[in-house]
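Residue-level structure breakdown
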Amino acid sequence: MDLNKNLEKYADLIVRIGLNLHAGDNLTIRLSEHSLPLARLVAKKAYQAGVGDIQLMFNDDSITLDRFLEAPAESFETYPEYLVDFTEKLFLDNHHVLSIVAPNPDLLKPADPARIAQWQKVAGMASKRTMKYTMQNKVKWCVVAVACPAWAEAAFPGMLEEEAMQKLWENIFLATRIDQDDPIAAWEEHDSRLKAHRKFLNEARFDRVHYKGPGTDLMVGLVKNHIWEGGCSFSEAGDRFFPNIPTEEVFSMPDADRVDGILRATMPLSVRGQLVDDFHFTFKDGKVVDYDAAVGKQILDDLLKTDEGAKHLGEIALVADNSPISNTGVLFKSTLFDENASCHFALGAAYSENLEGATERSEEENRKLGMNDSVIHVDFMVGSKDVTVTGIKADGTEVVLLQDGEWKI
Ligand code: ZN
Ligand code: ZN
């Protein structure tokens, strides 16, 4: 594998397909030390595509951890308003966002979970004003990942660092189709396949979806006038973009008040820099009424306590087991990758694009229609070859959608 050549292709895919950057656009890049080589290539290609201004927002894992361990308690009580203002000003100045993440699934393990939960809530509430720019696709946004030693070690435990890094990069390039001769053509083809599933689901007008598998028996109502999305999205200005690279999901909006049964996660989850494993939720009338986890129960306690919407679902996503990511067979311990290898749900905020007319109504009106609202949006995986997913129409007609890990439609 030629890393430099693949990084060039990766940058090209991000600029042309991920964010579809052109003259008049500005770009904000969220990055860490590990993202720099890719960020530099992206920036160069972005300028070449006509981007006028690029702003960098830098984060460092080690400094983040030290903050949670050492900073004074009161500094976690308020979020600087000027940061929210600054972010909003960027969006208003036609800035689009690229997040180049280098996941460190267990980064905050030594930190106090209560402090992490408090900060997530404070930061989440303060950022609500700017979150809507991405949650409602007002701007173009794209999340991609790069390898780093901590992630390589989590994904390939016990392997020497150099070998694990090499293996992780290879898998990233497989999952993102960068390994193919013409990744852009591969993405266009992939997008049209996702669109076909989307079209079928949108025409079927299912009332609810049933999940059945080991430890899982769940009925999920869909909101009326729900929209299945998948593949590319469109910004307010009508520009095509891909919010996630990779992406394999077709997703829609569950009715926050019509979810009943039990749901067992099929993969561990890295949330807020800490791992939760072997967990399940029981839902009644849309609300989590019981749950447990063999690892990280405290993290779930704090997560569900965030606000009322944290106890309800905001996303339902279908993913076939047969995709480049799944076929790697790797448990990445990073949501961006694992959620695209498995059917998943999210607790917390729903996406406006999944409900007809959502952006024209108030939050309260949307909530009455079943659209969940929260400062969190946390995906967790429930799919495997053993989970059968069936769509049920209002008249009781049943259609098997996924079985043995494959699409049946
Ligand atoms: Zn999803
Ligand atoms: Zn999600």
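Located above this text is the structure these notes cover.
The following paragraphs examine the structure supplied in this document. Small disclaimer: the values here were computed from a predicted structure and weren't measured. (Residues numbered from 1 in each chain as written. Chains lettered and ligands numbered in written order. Predicted model: local features only at pLDDT ≥ 70, side-chain atom pairs only at ≥ 80, totals over all residues. Heavy atoms only, no water.)

**Quick look at the overall build of the chain**
Our working rule: The helix and strand labels rest on DSSP assignments: H or I over at least four residues marks a helix, E over at least two residues marks a strand, and numbering proceeds from the N terminus. Only C-alpha atoms enter the radius of gyration, while the globule expectation follows 2.2 Å times N to the 0.38, with N the number of residues. Remark: exposure states derive from per-residue accessible area (1.4 Å probe, protein chains only) relative to the maximum for the residue type, with buried under 20%, exposed over 50%, and partly exposed in between. The contact criterion used throughout is that any non-hydrogen atoms of two residues lie within 4.5 Å. When charges are counted, Lys and Arg contribute as positive and Asp and Glu as negative, whereas His and the chain ends are disregarded. To locate a charge, the coordinates of NZ of Lys, CZ of Arg, CG of Asp or CD of Glu are taken.
For the chain, the count of helices and strands is 13 helices and 20 strands. Taking 409 residues into account, the globule formula puts the C-alpha radius of gyration at 22 Å, and the chain, at 20 Å, falls close to it. Each principal axis of the C-alpha distribution contributes one length, and for the chain these read about 55 × 50 × 50 Å. Counting every position in the chain, which comprises 409 residues, the buried fraction comes to 55%. For the chain, restricting intrachain contacts to residue pairs at least 6 apart in sequence, the fraction spanning at least 24 positions comes to 76%. The averaged location of the 66 negative side-chain charges in the chain is 4 Å from the averaged location of its 43 positive side-chain charges.

**Describing the nonpolar core**
We count it as follows: In plain words, nonpolar cores are sets of buried Ala, Val, Leu, Ile, Met, Phe, Trp, Tyr and Cys residues tied together by side-chain atoms within 4.5 Å.
Among the nonpolar cores identified, the biggest contains 109 residues, and Y10 and Y211 are the most heavily contacted of them. Here Y10 is in contact with L38, V144, A145, W169, I172, F173, T176, I178 and I245, once residues within four sequence places are set aside. Formed by eleven residues, the second largest nonpolar core is a distinct cluster that contains F68, F76, L108 and A111.

**Observations concerning the coordination of the zinc ion (ligand 2)**
Put simply, the rule is: Water is absent from the atoms considered, so a metal site may look incomplete; donors are defined as N, O and S atoms within 2.8 Å of the metal, or 3.2 Å for Na, K and Ca. A site with four donors is called tetrahedral when every donor-metal-donor angle falls between 85 and 135 degrees; four donors are called square planar, and six octahedral, when opposite donors sit more than 155 degrees apart and all other angles fall between 65 and 115; any other arrangement is irregular.
Only E315 (OE), H377 (NE2), D379 (OD) and D379 (OD) from the protein coordinate the zinc ion (ligand 2), and they sit 2.0 to 2.6 Å from it. In this structure, the zinc ion (ligand 2) is surrounded by four donor atoms whose angles at the metal cover 54 to 144°, and the resulting shape is irregular. On the primary sequence, the residues serving as donors to the zinc ion (ligand 2) are separated as E-x61-H-x1-D. The distance between the zinc ion (ligand 2) and the zinc ion (ligand 1) comes to 3.4 Å, and E315 binds to both of them. Judged by relative accessible area, D379 falls into the buried class, the value being 9%.

**Describing the pairing of strand 3 (residues 95-101)**
Threshold: Paired strands, as defined in this entry, are two strands with at least two bridges between them according to DSSP.
Burial within strand 3 is extensive, with six of its seven residues counted as buried. Looking at chain direction, strand 1 (residues 26-31) and strand 3 are connected through five bridges and run parallel. Counterpart to I29 in the pairing with strand 3 is L98. Here five bridges tie strand 3 to strand 4 (residues 141-145), and the two strands are oriented parallel to one another. Bridging across to strand 4, L98 finds its partner in C142.

**A few points about the pattern of salt bridges**
The condition that has to hold: The working definition used for a salt bridge is a side-chain nitrogen of Lys or Arg within 4 Å of a carboxyl oxygen of Asp or Glu.
If you walk through the whole model with that rule in mind, you get 29 salt bridges. Here K297 ties to D301 by a salt bridge, and the two come within 3.6 Å at their closest N and O atoms. Placement of the pair is K297 and D301 together in helix 10 (residues 297-305), with a separation of four residues, close to one helical turn. Three or more residues are tied together by salt bridges with common partners; here these are E81, D85, E88 and R129.

**Details of the packing of aromatic side chains**
Here is the rule we go by: Only Phe, Tyr and Trp rings are paired, with Trp represented by its six-membered ring, and only when their centres lie within 6.5 Å; those with planes under 30 degrees apart are stacked, over 60 edge-to-face, the remainder tilted.
Scanning the model with the defined rule gives 17 aromatic pairs in all. Seen from their ring centres, F68 and F76 are 5.4 Å apart, and the 35° between their planes marks the pair as tilted. With a relative accessible area of 8%, F68 lands in the buried category. Measuring from ring centre to ring centre gives 5.1 Å for W187 and F242, while their planes differ by 85°; the resulting arrangement is edge-to-face. Residue W187 is found in helix 9 (residues 183-204), and its partner F242 is found in the loop between strand 9 (240-241) and strand 10 (250-252); the two are separated by 55 residues along the sequence. Comparing W187 with F242 shows no difference in burial state: the two are buried. Here a set of aromatic residues connected by ring pairs shows up, and it is made of Y211, F279, F281, F283, F345 and F380.

**Topic: empty space enclosed by the protein**
The condition is simple: Each cavity reported here is a set of points on a 1 Å grid over the protein atoms alone in which a 1.4 Å probe fits but cannot get out, each pocket an open set with protein on both sides within 12 Å along at least five of seven lines, and each lining residue one with an atom within 4 Å of a point. Grid points are joined across faces, edges and corners, and a volume is the space filled by probe spheres set on the points. When residues are grouped by polarity, Ala, Val, Leu, Ile, Met, Phe, Trp, Tyr, Cys and Pro land in nonpolar, Asp, Glu, Lys and Arg in charged, and all others, Gly among them, in polar.
The full count for this structure, using the stated rule, is three cavities of 30 Å³ or more. Taken as a whole, the largest cavity spans an internal volume of roughly 70 Å³. Looking at the largest cavity, the residues that line it are V319, A320, D321, A341, S342, C343, G383, S384, V387, V389, L402 and G405. Class assignment of the residues belonging to the lining of the largest cavity gives a composition of seven nonpolar, four polar and one charged.

**Topic: the coordination of the zinc ion (ligand 1)**
Of the protein atoms, only E249 (OE), E315 (OE) and H344 (NE2) coordinate the zinc ion (ligand 1), at distances of 1.8 to 2.2 Å. Sequence positions of the donors to the zinc ion (ligand 1) reduce to the motif E-x65-E-x28-H.

By themselves, these observations are geometric and do not establish any function.
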